[in-house]
Amino acid sequence: MADNLWQACLDALQRELPSQQYNMWVRPLQVQTVNNDLILLAPNRFVLDWVRDKYADRINELLIEFAGQNHPTLKMEVGSKSAAPIANPKLELGNKTAPAQNNHHSYSSNQFSNQGLNFASAGNVSKIGQTPPTNLKSNLRENYTFDNFVEGKSNQLARAAATQVADNPGTAFNPLFLYGSTGLGKTHLMHAVGNEIRMRNPDAKVVYMHSERFVQDMVKAIQTNSIEEWKRHYRSVDALLIDDIQFFAGKERSQEEFFHTFNALLEGNHQVILTSDRYPKEIEGVEERLKSRFGWGLTIIIEPPELETRVAILMKKAQESNFDLPHEVAFFIAKRLRSNVRDLEGALNRVIANANFTGKAVTIDFAKDALRDMLALQEKLVTIDNIQKTVAEYYKIKLADMSSKSRSRSVARPRQIAMALAKELTNHSLPEIGAAFGGRDHTTVLHACRKVVELREKNHDIKEDFSNLVRTLSS
Ligand SMILES: Nc1ncnc2c1ncn2[C@@H]1O[C@H](COP(=O)(O)OP(=O)(O)OP(=O)(O)O)[C@@H](O)[C@H]1O
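Residues numbered from 1 in each chain as written. Predicted model: local features only at pLDDT ≥ 70, side-chain atom pairs only at ≥ 80, totals over all residues. Heavy atoms only, no water.

1. Focus on the overall build of the protein
Along its length, the protein carries 21 helices and eight strands. Taken over 475 residues, the protein has a buried fraction of 52%. By sequence separation, contacts in the protein at least 24 residues apart represent 76% of the contacts at least 6 residues apart. Taken as a whole, the protein presents about 22600 Å² of accessible surface, with 49% of it coming from carbon and sulfur. (Helix = DSSP H or I, 4+ residues; strand = E, 2+ residues; numbered from the N terminus. Buried < 20%, exposed > 50% of the residue type's maximum accessible area, 1.4 Å probe, protein only. Contact = heavy atoms within 4.5 Å. Areas by Shrake-Rupley, 256 points an atom, 1.4 Å probe, with all protein chains shown as cover.)

2. Quick look at the packing of aromatic side chains
Each pair of aromatic rings is reported with the distance of its centres and the angle of its planes. Per the counting criterion, the structure on display carries 13 aromatic pairs. Here the aromatic rings of Phe214 and Phe258 are separated by 5.5 Å at their centres, their planes lie at 90 degrees, and the arrangement is edge-to-face. With Phe214 in helix 8 (residues 211–223) and Phe258 in helix 10 (residues 252–267), this pair connects stretches of sequence that are 44 residues apart. A residue is classified by how much of its surface remains accessible, and Phe258, at 1% relative accessible area, is buried. Here the aromatic rings of Tyr394 and Tyr395 are separated by 5.1 Å at their centres, their planes lie at 75 degrees, and the arrangement is edge-to-face. Classification of Tyr394 as partly exposed rests on a relative accessible area of 30%. If you follow Lys54 out to its NZ or CZ, it ends over the ring of Trp50, 5.0 Å from the centre. A cation over a ring is seen here: Arg289 above Phe259, with NZ or CZ 3.8 Å from the ring centre. (Phe/Tyr/Trp six-rings, centres within 6.5 Å; stacked < 30°, edge-to-face > 60°. Lys NZ or Arg CZ within 6 Å of the ring centre and 35° of its normal.)

3. As for the sheet that holds strand 2 (residues 37–42)
Taken together, the three strands give an open sheet; going across it, the order is 1-2-3, and neighbouring strands pair in mixed fashion. Only two strands of the sheet have a single partner each, and these edge strands are strand 1 (30–34) and strand 3 (73–78). Going from strand to strand, the sheet's axes swing by 30 degrees on average, the running direction of each strand aside. (Pairing = 2+ DSSP bridges. Axes fitted to C-alpha atoms, helices over the stretch in contact; angles between N-to-C directions.)

4. What about helix 4 (residues 56–67)?
When the terminal C-alpha atoms of helix 4 are compared, their 16 Å separation across 12 residues agrees well with the 16 Å that a helix rising 1.5 Å per residue should span. For helix 4, every residue scored as buried is listed here: Ala56, Ile59, Leu62 and Leu63. Looking down the long axis of helix 4, one finds its buried residues gathered within 120 degrees of arc, a one-sided arrangement. Exposed side of helix 4, more than 90 degrees from the buried face: Asp57 and Glu65 are the residues found there. Where helix 4 is buried, its residues meet helix 1 (2–16), strand 2, helix 3 (45–54) and strand 3. Downstream of helix 4 by one or two residues, Gly68 has phi in the positive range, about 65 degrees. (Expected span 1.5 Å × (residues − 1). Arc of directions from axis to C-beta.)

5. Brief notes about unusual backbone geometry
A cis geometry characterises the amide bond from Asn174 onward to Pro175, with omega recorded as 0 degrees. Among the secondary structure elements, Pro175 is positioned in the loop between helix 6 (156–167) and strand 4 (176–179). One non-glycine residue, Asp244, lies in positive phi territory at about 55 degrees. Accessibility expressed as a relative area gives 18% for Asp244, which makes it buried.

6. Focus on the packing of helix 8 against helix 10
At a minimum axis separation of 10 Å, helix 8 and helix 10 run at an interaxial angle of 95 degrees. When the axes of helix 8 and helix 10 are compared, the pair comes out roughly perpendicular. Two secondary-structure elements touch here, helix 8 through Phe214, Val215, Met218 and Ile222 and helix 10 through Arg253, Ser254, Glu257 and Phe258. Taken together, the residues that form the contact of helix 8 with helix 10 break down as five nonpolar, one polar and two charged. (Parallel < 35°, antiparallel > 145°, perpendicular 65-115°, else oblique. Nonpolar A, V, L, I, M, F, W, Y, C, P; charged D, E, K, R; others polar.)

7. Here's the deal with the site of the ligand
In the vicinity of the ligand, 19 residues are found, and the nearest of them are Thr182, Gly183, Lys186, Thr187 and His188. In this structure, an oxygen atom belonging to the ligand sits 3.1 Å away from a main-chain N or O atom of Leu184. Relative to its free-state accessible area of 640 Å², the ligand is covered by the protein chains to the extent of 92%. Residue assignment for the shell around the ligand shows that the elements contributing at least two residues are helix 7 (186–200), helix 12 (307–320) and helix 14 (341–358). Tallied by class, the residues present in the shell around the ligand amount to six nonpolar, eight polar and five charged. (Near = heavy atom within 4 Å. Polar contact = N/O pair within 3.5 Å; in protein donor to acceptor, adjacent residues only side chain to side chain.)

8. Some details on the UniProt feature "binding site: ATP" (unreviewed entry) in the protein
Summarizing the sequence annotation, UniProt attributes the feature "binding site: ATP" (unreviewed entry) to Gly183, Gly185, Lys186 and Thr187 in the numbering used throughout. The exposure class of Gly185 is buried, given its relative accessible area of 18%. Sequence-distant contacts of Gly185, defined by excluding residues within four places in its chain, comprise Phe149 and Ile302. Following the sequence through the fold, Thr187 ends up in helix 7. A residue is classified by how much of its surface remains accessible, and Thr187, at 18% relative accessible area, is buried. In this view, Thr187 contacts Arg141, Tyr144, Tyr208 and Asp243; residues no more than four positions away in its chain are not counted. (UniProt positions renumbered as here; feature names shortened; annotations may be inferred.)

9. Notes on the pattern of salt bridges
For the structure shown, the criterion picks out 21 salt bridges. Residues joined in a network through salt bridges with shared partners are Glu228, Lys231, Arg253 and Glu257. (Salt bridge = Lys/Arg side-chain N within 4 Å of Asp/Glu carboxyl O.)

10. A closer look at the pairing of strand 7 (residues 271–276)
In terms of burial, strand 7 is largely enclosed, as six of its six residues are buried. Burial of the side chains of strand 7 extends over both faces: Gln271, Ile273 and Thr275 are buried on one face and Val272, Leu274 and Ser276 on the other. Bridge count for strand 4 against strand 7 is four bridges, and the pairing is parallel. Residue pairing for strand 7: Leu178 is matched across the bridge by Thr275. Sheet topology note: the strand 6 (residues 239–243)/strand 7 ladder contains four bridges and is parallel. Bridge pairing in strand 7 places Ile242 opposite Leu274. One crossover worth recording links strand 6 to the parallel strand 7 by way of helix 10, and it is right-handed. (Right-handed = clockwise from strand over helix to strand, strands pointing away.)

Printed below as a string of structure tokens:
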């Protein structure tokens, strides 16, 4: 009965939530009933807090909807139905038979435990019956940590997933696939996981590698007749981090080797983390079977950071460099440079260098001057014209509808989105934007901007449309 009721809730949540959120937070929950309590068991505190915060209200509504007056009381606890410490093959240390294929949808009792148990054993797995790697360097960049990764809406899920993986390597989400445009922190997060794993278990073999380097290494191994050894080395690591896997495109032999390495690692519950500049299915020139395997764990996008996060990143980076960056200057830079954290960093470094060199006070005018060419480039990239064309194409409406008087929803909504984008992505004033949209009043633009903020909160499709458009326009 409770199972049916929970299943109905699950079905509804699956329809309502973006799949990655559903897979990440809702799917791992187990249900138990005691008297008239419906107890959701979360695998750890982190998931519990998140679900309680974000989804408990909605779950309650669904319970009332499906069970009516006598609906059970919703409770949440950390725990698991199958309390017996089984199910995690990594704990069976002497066992060399391959464990069942890891699948991110099947969570076992101790997969999410924060005890580090899984990992301690993962470290041992590579020592059993295998030659320890001798020539694989970890290549981890120590300065990419969770501590100095600034969290915002755009990267919150990715960061949370990365934290889970660092807590439970090999079992939480395997592989973890992070994708998004260039310079948004994918590499940083990947190293942060690696560093965290190493911090907890200094013996862990964590190897970071750019995919191009992986290919080069493999070619070299073939040339020197050492491919077998090469394979053994890769397959014995506890965590393999491969960056920018879109560079595998067209390299069939490397894909083949990677496919086998990847399977071996997953089967042994060793962690794999991958990044790419696009969604796995969209990577051209990579075999279907490999792409589909990329999606076995958890696939998460990192979006361009919103204004507040951009300001926070600048302030944090300035602080790390012991540079006193006035808040309004950070705000000015963040407002002008929108698409990419790497550019933000570049801008900040330039301001710091100029300030040190000239000894002048750091004001908005100073920053304007120091960043003149960067700002000019950005201005040229995003124009209202461009926004109107892109949005019209995206929604398959006529460009003329951007300025028309039509109030039909199919036209008015895209027009409002285009106005909001113009406000967000250009430096035009509200009256200027109104003028460009068929001579509308600035209050109409303001209304559109507010409406779009509201819609992005409530409506997943619009949220996604908006992000897609920002990405297209900013890249
Ligand atoms: N949220 C963040 N907080 C702090 N620094 C960040 C954040 N996001 C990105 N950065 C910094 O921005 C720079 C670029 O990030 P990174 O190299 O991780 O991007 P990427 O997404 O891997 O890009 P590419 O696809 O080009 O490899 C790095 O120096 C990184 O530290």
